[in-house]
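# Overview (structure and organization)
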Amino acid sequence: MRLRWADYFKNLVGEWWSGYLGGAMPTLPRLIVATRNPHKSSEIRAMLGDTWEVLDVNDFAQLPVIEETGHTFLENARLKAQGISRLVAGWVLADDSGLEVDALGGGPGVWSSSFGGEEGNHAKNNARLVSAMRGQAVRGARFRCTMVLAKAGIAQADFCGTVEGRITDEPQGEGGFGYDPLFIPDGYQLTFAELGQNIKNRLSHRAQALTQAVGWLAGQAQN
Ligand code: ITT
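Residues numbered from 1 in each chain as written. Predicted model: local features only at pLDDT ≥ 70, side-chain atom pairs only at ≥ 80, totals over all residues. Heavy atoms only, no water.

### Here we look at the site of the ligand
Short version of the rule: Near is defined per residue: the residue qualifies when any heavy atom it owns lies within 4 Å of the molecule or strand. Any pair of N or O atoms that falls within 3.5 Å is considered a polar contact. Within protein, one atom must be able to donate a hydrogen and the other to accept it, and sequence-neighbouring residues count only if both atoms are side-chain atoms. In short, Shrake-Rupley with a 1.4 Å probe defines the accessible areas, and a residue's cover is counted only from the protein chains shown.
Close to the ligand lie 22 residues, the nearest being Thr-35, Lys-40, Glu-68, Asp-180 and Lys-200. Within the backbone of Ser-97, a nitrogen or oxygen atom sits 3.0 Å from an oxygen atom of the ligand. In the model, a nitrogen atom of the ligand is placed 2.7 Å from a nitrogen or oxygen of the Asp-180 side chain. For the ligand, the protein covers 95% of the area, taking 610 Å² as the surface of the free molecule.

Written out as structure tokens, the structure is:
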């Protein structure tokens, strides 16, 4: 989708302009998450509390879908961060993440989102994982997350997080998203979907990468 100049201008100036017109300047620094997955941005929003205003690409008019043509989490996170930060003002954070399963040779990995045959269909992804793991004695797995911070189309820094665990036989729990009902983190007996947001957001691959990213941003603000 081509971005019209009017949309480009609106994205760049955004709420700063409407806040100015209304006499109320925004007080929180703004972080734009280069994701179309609202679960990712809501986890990031919950983890940052009231320290950042967190938006994602769904909050902006007509931002294009960035093709994820990379073969690593870092390549895809860079593509998303750079692509979106060319079109919006301020700090852009991209998250590329996925599940690596030992019995599947580290798959689905970078292709976690489309493992079940349909991009972003978590039910199909989980059904395929359950059937691929049936009868498997080796249950080890990990979630990985790579985050990239970019500004004005240039990637500035990247951060990684990993959480080790194991895959259950059947989905358990209603919380979280994606593969959470099938993943038990090390040290626990319940899946991420059963443990709930507070515990997941203390342990997760995303939490680890985000802690480093906001630490790095705090350092930038002081320079
Ligand atoms: P964006 O590219 O728009 O950010 P996406 O969901 O397609 O959204 P990825 O390409 O990074 O993002 O794929 C991540 C997939 O990995 C995600 O769709 C889930 O299937 C899985 N995943 C990543 N983090 C997860 C988590 O915390 N819990 C459960 N599944 C997760």
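Back to the write-up after that little detour.
### Notes on the packing of helix α2 (residues 38-48) against helix α7 (residues 205-222)
For clarity, the threshold we go by: Only the stretch in contact is used when a helix axis is fitted, and all axes are lines through C-alpha atoms; the angle between N-to-C directions ranges over 0 to 180 degrees. Here a strand is any run of E in DSSP of at least two residues, a helix any run of H or I of at least four, and the numbering for each starts at the N terminus. Here the word oblique covers every angle except those under 35 degrees (roughly parallel), over 145 (roughly antiparallel) and from 65 to 115 (roughly perpendicular). The crossing is said to be left-handed when, going from far helix to near helix, the turn is anticlockwise and less than a right angle, and right-handed when the turn is clockwise. Only heavy atoms enter the contact rule, under which two residues are in contact if any of them lie within 4.5 Å. Note on residue classes: Ala, Val, Leu, Ile, Met, Phe, Trp, Tyr, Cys and Pro are nonpolar, Asp, Glu, Lys and Arg are charged, and everything else, Gly too, is polar.
Where α2 meets α7, the closest approach of the two axes is 11 Å, and the angle between their N-to-C directions is 55 degrees. When the axes of α2 and α7 are compared, the pair comes out oblique. Crossing of α2 against α7: the hand is right-handed. Here Lys-40, Glu-43, Ile-44, Met-47 and Leu-48 of α2 come into contact with α7, specifically with Arg-206, Ala-207, Leu-210 and Val-214. Class assignment of the residues belonging to the contact of α2 with α7 gives a composition of six nonpolar, no polar and three charged.

### Side note on the pairing of strand β5 (residues 154-167)
Consecutive residues of a regular strand have side chains that alternate between opposite faces of the sheet. Heads up, the rule is: Strands qualify as paired when DSSP identifies two bridges or more between them.
The pairing of strand β4 (residues 140-151) with β5 spans 12 bridges and is classified as antiparallel. Note that in β5 the partner of Ala-141 across the bridge is Gly-165. Linking β4 back to β5 in an antiparallel pair, the connection comprises two residues, with Ala-152 at a positive phi of about 50 degrees. In terms of strand pairing, β5 meets strand β6 (residues 183-185) through three bridges, oriented antiparallel.

### Section: the confidence of the model for the protein chain
Caution is warranted with low-pLDDT regions, since their predicted coordinates should not be read in detail. Note the cut-off: Residue-level confidence of the predictor is summarised by pLDDT, bounded by 0 at the bottom and 100 at the top.
Model confidence for the protein chain is summarised by a mean pLDDT of 91, while 88% of its residues fall at 70 or above. In this model, residues 5-9 is a region of pLDDT below 50 whose contacts with residues beyond four sequence positions or in other chains number six contacts. Here residues 13-23 scores under 50 on pLDDT; set against residues more than four positions off or in separate chains, the count is seven contacts.

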